[in-house]
Amino acid sequence: MASQFDDDYRLTKEAKQPSDASGAQSGGKSVGGRLGAKPGTAKPQSAKKTSSFEAKPFESKQFYPKQSAANPTRSQRVDPKKTDPKQIDPKQTDPKQIDPKQFHPKRIEHKQSSVTASAASDTRDGGLSSPLLGLRWLKSWPIVVLIIFGILGTAGAAAMVSLFRIPNLPNCRAIFWPTASASLRLQCAESYSQQGDVDNLLAAIALVDRLPEDHPLRADINSRIENWASQVLDLAERSFEAGNLELAISTANKIPDRTAAKKLVADRIERWQRIWQAGEKEFSAAVAKIKEKNFQAAFSLSVKLLDVDNKFWSTTKYNELTKLIARARDDSRKLSEALGLAKAGTLEGFKGALKALKEIGKDSVFFAEVKSERQKIAKQMLKRGEELLADRQLSDAQAMLNAVPRDVGLDKEIEDSQIFVTAYQQAWTNNVAGLENAIARMKTLKKNRPGYARGQQLIAQWQGEINNISLLNQAQERAQRGSTADLTAAIALAQQVSTGSPQGKEAAAQIGKWQSRVETVQDRPILERADRLAAVGTPDNLRAAIQEAKKIPPGRTLGAEADERIANWTERVQRIEDQPILDQARQRAQTGDIAGAIAIANRIGSGRSLYKMAQDDIAGWQTQEDGRARLSEAVNAASGGDGNSLANAIEMAQRVPNSSGSRSQADSRINQWSWDLLQQAELTANRNLGSAIALASRIPDGTEAYDSAQVRIGNWQATLNRTEESRRVPAEVSPPPANVNENGLPARLNLTPAE
């Protein structure tokens, strides 16, 4: 067995150089083809055994990835299941029937050289013996030389092509691996590894790792395994960076245990999980803030994703989060607008709200809230529709119910609302038959229906209305008899009708009508007795009439009439009692005793009929007294005779009220004192024009001396202005000589001696 592996290793080493050269030219062909190793050393087998190559090998851990479709081998182009093995050239299809010696590079070169030499010899012999050439070719030696060189060049090129030609790639999936050579394993493993995916890299490792530890190629195998294991770990890292953590961990765990890359797997997975948890934490926190509508905090958290040491989280998830925040802002605005429209409680508001909510897509973070709000709005519309039905607004109610969305899970509620519509319409007749039909319609709602509870409430309500109609009919029949007892009994029956029912208003109106008739019958005799007492006209009889009328309580039918008569009789009594007092006060005022008149009039208390009249008289008398007092003070002030005393007296006299009897006397005094004040101002003008102007200015407008005072003031002011201007004119100052300086000395001295 060892000699066979040595021979395979030697053949592989010898075949590397030509395979590398041709591999550089072919580019896309697999490495297995460049190695040039012999496809196998197994003995030929029958066609029946050949078909067993496609079965699974006896080892459970060995697997064979699919050959790349881009580089099919010649053996892959032949389907052993569809082709007769007898018609297939065993030299091209069955690797077990190929002689390993014919793939030896030296033998290939020897065979190609022999073929080329034989062909050249045949060509030369044939050329010399051909009668077409004749003896002329011997005489044209340059042509002969060219022909010889052409033949030799063609043979050399054919030899080189044959020498460097890449052998066919074996069909690795159809090889029986227990008998395969190490070189064939390496060739197929290299072909697998060049596929670049995880499964092929692991297949390459598994294919060559089954060779013994003491195999001469073990060092090369181990080096390749380490390289492939590192590639698997790099692919796992790429999966992690691409955002597939589970695939990355699964790929890393598939690395063989004896490789150096396996030692890095635990730390690498721990780092991946730590980074992934950090990214998930920041992303989840940001989404939670978005749901709370705290977009500023969500954006701050999204920026932290840029610091996550993973391309998927720092780019893909970051961009996803920023788009989510922007979309959430818009959705939040739409949601707020929709809720605002729904608060109006109108059909237009509900429709606008549903339209705005429909614009929020299923991928929105608020979609669950949107679904909930749409259902709430639908319930509000159903409730509002029933309220409109209760108010007998049929068209508005139907429009509201028809606008309820059908995709919010309220199909049964919507069906029940139609039963409510028909039941309400029948109940609006306000008769027993219509109410009974409405109750029968509502009883079609079973206990498992959403509207059952509300239906039971309406049934109870309508049954109560039937009872109310019956009570009201009984009361009307009893009231038609007309007696006080019958009216009282009718009122008692009508009071049993529910006030909140549709029949309540009618019952209240009937009760008021019947109650008025009863109270009129009961209170009319009392009022008539009071009228008879008041007809006498004396204070005592009037007081007795008032007491009799007070027996009718307020709020009864004749209560307002009784109150009116009580007020009239009370005023008559007060007037009879207070008029002598007021007359006495007025007599006292006419005699000039204002203080005594005011004292007598104040005996009439507030709230009595003559109180206002007495207060008006008191105010007038007080005004007269004030006017006389102020005029007296002005006369006393004017007695001083000087200008200031006269001016002060005029001001005091002006404060005498216009309604006072002293006002005319005050005006006469003001005119007299104004002339006296002007005379004092003229006397003062001889000494001091400013003081004269000040005194004359105190003469009030409307007095007889006012115009004369203004003329005097103008003249005196003009004289005073001229005097002031004459005082302000400065004396003329002669300018200093031109040749004299500031000290009065000559600016220049002529020291030239006289001639």
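Residues numbered from 1 in each chain as written. Predicted model: local features only at pLDDT ≥ 70, side-chain atom pairs only at ≥ 80, totals over all residues. Heavy atoms only, no water.

Undergrad: Is there a simple way to explain the overall build of the chain in this structure?
TA: Per the secondary structure count, the chain includes 30 helices and 0 strands. Per-residue burial over the chain gives 36% buried out of 755 residues. Within the chain, residue pairs in contact and separated by at least 24 positions form 62% of the contacts whose partners lie at least 6 positions apart. Carbon and sulfur atoms form 51% of the exposed surface of the chain, whose accessible area is close to 44,200 Å². (Helix = DSSP H or I, 4+ residues; strand = E, 2+ residues; numbered from the N terminus. Buried < 20%, exposed > 50% of the residue type's maximum accessible area, 1.4 Å probe, protein only. Contact = heavy atoms within 4.5 Å. Areas by Shrake-Rupley, 256 points an atom, 1.4 Å probe, with all protein chains shown as cover.)

Undergrad: Would you mind going over the state of the cysteines with me for this structure?
TA: Such a bond, covalent and formed between the sulfur atoms of two cysteines, is termed a disulfide. Enumeration according to the criterion identifies 1 disulfide in this entry. Across the disulfide from Cys 172 sits Cys 188; the S-S distance is 2.0 Å. Every disulfide takes its handedness from the sign of the S-S torsion; for Cys 172 and Cys 188 that torsion is -90°, giving left-handed. Note that Cys 172 is positioned in the loop between helix H7 (141-164) and helix H8 (182-193) and Cys 188 in helix H8, a separation of 16 residues in sequence. (Disulfide = S-S within 2.5 Å.)

Undergrad: What's the story with the nonpolar core in this structure? I'm lost.
TA: A general tendency of soluble globular proteins is for nonpolar side chains to be buried together. Of all hydrophobic cores here, the largest spans 100 residues; its most connected members are Trp 177, Trp 272, Ile 290, Leu 321 and Trp 462. Once residues within four sequence positions are removed from consideration, Trp 462 is found in contact with Ala 423, Tyr 424, Ala 427, Leu 435, Ala 438, Ile 439 and Met 442. Judged by nonpolar contacts, the second largest core, of 26 residues, contains Leu 631, Leu 646, Ala 653 and Trp 673. (Core = buried A, V, L, I, M, F, W, Y, C linked by side-chain atoms within 4.5 Å.)

Undergrad: Looking at this structure, how should I read the pattern of salt bridges?
TA: Side-chain pairing between opposite charges can occur once the charged atoms of the two side chains come close. Here the structure, examined in full by the defined rule, presents 42 salt bridges. A salt bridge links Glu 387 to Arg 384; the shortest N-O distance between them is 3.1 Å. With Glu 387 and Arg 384 both in helix H16 (residues 367-390) and 3 residues apart, this pair spans about one turn of that helix. Assessed through its relative accessible area of 29%, Arg 384 is described here as partly exposed. Its salt-bridge partner being Arg 543, residue Glu 577 comes within 2.0 Å of it at the nearest N-O pair. Taken together, the residues span a long stretch of sequence, with Glu 577 in helix H24 (residues 559-590) and Arg 543 in helix H23 (residues 539-549) at a distance of 34 residues. Each of Asp 330, Arg 333, Lys 334, Glu 337 and Glu 359 takes part in salt bridges that share partners, so that together they form one network. (Salt bridge = Lys/Arg side-chain N within 4 Å of Asp/Glu carboxyl O.)

Undergrad: Could you clarify how one ought to interpret the environment of Ala 397 in this entry?
TA: Note that Ala 397 resides in helix H17 (residues 394-402). Taking the C-alpha atoms as reference points, Ala 397 and Leu 347, 50 residues apart in sequence, are found 9.6 Å from one another. When near neighbours in sequence (up to four residues on either side) are disregarded, Ala 397 contacts Gly 385, Leu 388 and Leu 389.

Undergrad: Can you help me understand the packing of aromatic side chains in this one?
TA: Given two aromatic rings, their pairing is described by the distance between the two centres and the angle made by the two planes. Taken as a whole and judged by the stated rule, the model has 7 aromatic pairs. Both rings, one in Phe 240 and one in Trp 272, keep their centres 5.5 Å apart while their planes meet at 20°; by these two values the pair is stacked. Within this pair, whereas Phe 240 is found in helix H10 (residues 218-241), its partner Trp 272 is found in helix H12 (residues 260-291), the two being separated by 32 residues in sequence. With a relative accessible area of 0%, Phe 240 lands in the buried category. On the basis of relative accessible area, Trp 272 is assigned to the buried category, the value being 0%. For the ring pair Trp 276 and Trp 313, a centre distance of 5.3 Å and an interplane angle of 75° mean the geometry is edge-to-face. Of this pair, Trp 276 sits in helix H12 while Trp 313 sits in helix H14 (residues 311-343); the two residues are 37 residues apart in sequence, bridging distant segments of the chain. Residue class for Trp 276 comes out buried when judged on its relative accessible area of 11%. (Phe/Tyr/Trp six-rings, centres within 6.5 Å; stacked < 30°, edge-to-face > 60°.)

Undergrad: What is the right way to look at the packing of helix H28 (residues 663-685) against helix H29 (residues 689-696) in this model?
TA: Relative orientation and spacing of two packed helices are given, respectively, by the angle between their axes and the distance between those axes. At a minimum axis distance of 7 Å, the contact between H28 and H29 shows a crossing angle of 170°. One way to sum up the angle between H28 and H29 is to call them roughly antiparallel. On H29, the residues touching Leu 677, Gln 680, Ala 681, Thr 684 and Ala 685 of H28 are Leu 689, Ser 691, Ala 692, Leu 695 and Ala 696. Its residues assigned to classes, the contact of H28 with H29 comprises 7 nonpolar, 3 polar and no charged. (Axes fitted to C-alpha atoms, helices over the stretch in contact; angles between N-to-C directions. Parallel < 35°, antiparallel > 145°, perpendicular 65-115°, else oblique. Nonpolar A, V, L, I, M, F, W, Y, C, P; charged D, E, K, R; others polar.)

Undergrad: Is there a simple way to think about helix H13 (residues 295-304) in this case?
TA: Looking at H13, one finds that the buried residues are Phe 295, Ala 298, Leu 301 and Ser 302. Down the axis of H13, the buried set is contained in an arc of 120°. They therefore lie on one face. On the buried face of H13, the contacting elements are H12 and H14. (Arc of directions from axis to C-beta.)

Undergrad: Where do I start with a nonpolar patch on the surface in this structure?
TA: Side chains of Trp 141, Val 145, Ile 148, Phe 149 and Leu 152 sit close together on the surface and give an oily, nonpolar patch of about 540 Å² of accessible area. Following the sequence through the fold, Ile 148 ends up in helix H7. (Patch = residues over 30% accessible without salt bridge, like charges linked within 9 Å, V, L, I, M, F, W, Y side chains within 5 Å.)

Undergrad: Even after reading the chapter, I still don't get unusual backbone geometry, so can you show me in this structure?
TA: It is generally the case that most residues other than glycine have a negative phi and that most peptide bonds are trans. Notably, Arg 392 is not glycine yet its phi reads approximately 65°, a positive angle. Tracing the chain through its elements places Arg 392 in the loop between H16 and H17. On the basis of relative accessibility, which here comes to 41%, the residue Arg 392 falls in the partly exposed class. Its identity is not glycine, yet Asn 430 carries a phi of approximately 60°, on the positive side.

Undergrad: Honestly, the packing of helix H18 (residues 411-427) against helix H19 (residues 432-442) in this entry has me stumped. Any pointers?
TA: The geometry of H18 relative to H19 is characterised by a closest axis approach of 7 Å and an angle of 165° between their N-to-C directions. Accordingly, the angle class assigned to the pair H18 and H19 is roughly antiparallel. The interaxial crossing formed by H18 with H19 has left-handed handedness. Side by side, H18 and H19 meet where Ile 419, Phe 420, Thr 422, Ala 423, Gln 426 and Ala 427 of the first sit next to Gly 434, Leu 435, Asn 437, Ala 438, Arg 441 and Met 442 of the second. Taken together, the residues that form the contact of H18 with H19 break down as 7 nonpolar, 4 polar and 1 charged. (Left-handed = near helix turned anticlockwise from the far one by under 90°.)

Undergrad: Looking at this model, I keep getting lost on the confidence of the model for the chain. Mind explaining?
TA: In regions of low pLDDT, the predicted coordinates are not meant to be interpreted in detail. Confidence in the prediction of the chain, expressed as mean pLDDT, is 76, and 76% of residues score 70 or more. With pLDDT under 50 throughout, residues 1-134 is counted as low confidence; its partners more than four residues away or in other chains account for 159 contacts. Note that residues 749-755 has pLDDT below 50 and, in this model, 0 contacts with residues that lie over four places away or in other chains. (pLDDT = per-residue confidence, 0-100.)

Undergrad: What am I meant to see in the environment of Glu 292 here?
TA: Along the chain, the position of Glu 292 falls in the loop between H12 and H13. Classification of Glu 292 by relative accessible area gives exposed; the value is 53%. Through-space distance from the C-alpha of Glu 292 to that of Phe 366 is 9.8 Å; in sequence the pair is 74 residues apart.

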